[in-house]
Amino acid sequence: RKEVEQDPGPFNVPEGATVAFNCTYSNSASQSFFWYRQDCRKEPKLLMSVYSSGNEDGRFTAQLNRASQYISLLIRDSKLSDSATYLCVVIPPGGGNKLTFGTGTQLKVEL
Amino acid sequence: GAGVSQSPSNKVTEKGKDVELRCDPISGHTALYWYRQSLGQGLEFLIYFQGNSAPDKSGLPSDRFSAERTGGSVSTLTIQRTQQEDSAVYLCASSSPLRNEQFFGPGTRLTVL
């Protein structure tokens, strides 16, 4: 089983739609969780950290369910500029801040 | 301010040659990481430097791979006797001691013919 699993998509949605991505992780002792965004042929950039209490940043909401070991990202009122690959990232226990990435979920927002 | 920079941006080499990839982290960032992203694969961790501590080399795929960080700043990733399966984008990231957010450089796209 992969340490971090995501549906690769692509998710094709119309502008203005609400879209949700889920991600599961295998190590129950993992402590830190993030969503990164990666545009085509560009480097990953941090979108948001994910906290147990859930957190919201504008149109983006991230939630963590420790019991089920999954992380979600909700994008409301999607824009064309949201088209990208969304990477679920976990820091497993064991020292250091080595990021473990999922393979990413591709989102395409269309007119 | 300046972000993480990497050079070269692209490198094409022949199988069996050695290559060196360079990373300049953000000034003041004590932690530096190397990852690689192969076509159709997720990013995978290679090596991690934190201050003056011994590096965490647990992600290096073979002894052909090595990295060093001189003076706590610039890092060089060296791949000896390159193989075609080494073709990937090699990404460097750095983070400050105050936050665990990692900032990535633009990467070096390595193609081994």
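Further up the page is the structure itself.
Residues numbered from 1 in each chain as written. Chains lettered and ligands numbered in written order. Predicted model: local features only at pLDDT ≥ 70, side-chain atom pairs only at ≥ 80, totals over all residues. Heavy atoms only, no water.

This part takes up the sheet that holds strand β3 (residues 19–25) of chain A. Residues and elements named next belong to chain A. The strand order across the open sheet built from five strands is β1-β3-β8-β7-β6, with neighbouring strands paired in antiparallel fashion. Looking at the sheet topology across the chains shown, the edges are occupied by β1 (4–6) and β6 (55–57). On average, each strand axis in the sheet is inclined to that of its neighbour by 20°, with strand direction left out of account. Bridge count for strand β7 (residues 60–65) against strand β8 (residues 70–75) is six bridges, and the pairing is antiparallel. Across the sheet, the residue bridging to Thr61 is Leu74, located in β8. (Pairing = 2+ DSSP bridges. Helix = DSSP H or I, 4+ residues; strand = E, 2+ residues; numbered from the N terminus. Axes fitted to C-alpha atoms, helices over the stretch in contact; angles between N-to-C directions.)

Contacts between the two partners involve 17 residues from chain B and, on the opposite side, 17 residues from chain A. Buried area between chain B and chain A, summed over both chains or domains, comes out near 1400 Å², and the portion from carbon and sulfur atoms is 55%. Broken down residue by residue, the surface that chain B buries against chain A is led by Leu43(B), Asn100(B) and Phe104(B), which jointly contribute 34%. Taken together, the links from chain B to chain A amount to one salt bridge. Between Asp56(B) and Lys98(A) there is a salt bridge, and its shortest N-O distance comes to 3.0 Å. The interface formed by chain B and chain A holds six residue pairs in polar contact (both at pLDDT 80 or more) in total. Looking at the side of chain B that touches chain A, the elements with two or more residues in it are β4 (31–37) and β5 (43–50) of chain B. A per-class count over the side of chain B that touches chain A returns eight nonpolar, six polar and three charged. (Contact = heavy atoms within 4.5 Å. Buried area = accessible area lost by both parts, 1.4 Å probe. Salt bridge = Lys/Arg side-chain N within 4 Å of Asp/Glu carboxyl O. Polar contact = N/O pair within 3.5 Å; in protein donor to acceptor, adjacent residues only side chain to side chain. Nonpolar A, V, L, I, M, F, W, Y, C, P; charged D, E, K, R; others polar.)

A word on the packing of aromatic side chains. For the structure shown, the criterion picks out 12 aromatic pairs over all chains. Relative to Phe21(A), the ring of Phe11(A) has its centre 5.3 Å away and its plane inclined at 85°; by these criteria the two rings are edge-to-face. Taken together, the residues Phe11(A) in strand β2 (residues 11–14) and Phe21(A) in strand β3 connect sequence positions 10 residues apart. Using a relative accessible area of 24% as the deciding quantity, one classes Phe11(A) as partly exposed. Taking relative accessible area as the criterion, Phe21(A) reaches 1% and is therefore assigned buried. When the centroid spacing of 5.7 Å and the interplanar angle of 85° are considered together, the rings of Phe101(A) and Tyr35(B) count as edge-to-face. Of this pair, Phe101(A) sits in strand β10 (residues 100–101) while Tyr35(B) is found in strand β4, placing the two residues in two different chains. Among the residues examined, Phe101(A) registers a relative accessible area of 7% and is labelled buried. (Phe/Tyr/Trp six-rings, centres within 6.5 Å; stacked < 30°, edge-to-face > 60°. Buried < 20%, exposed > 50% of the residue type's maximum accessible area, 1.4 Å probe, protein only.)

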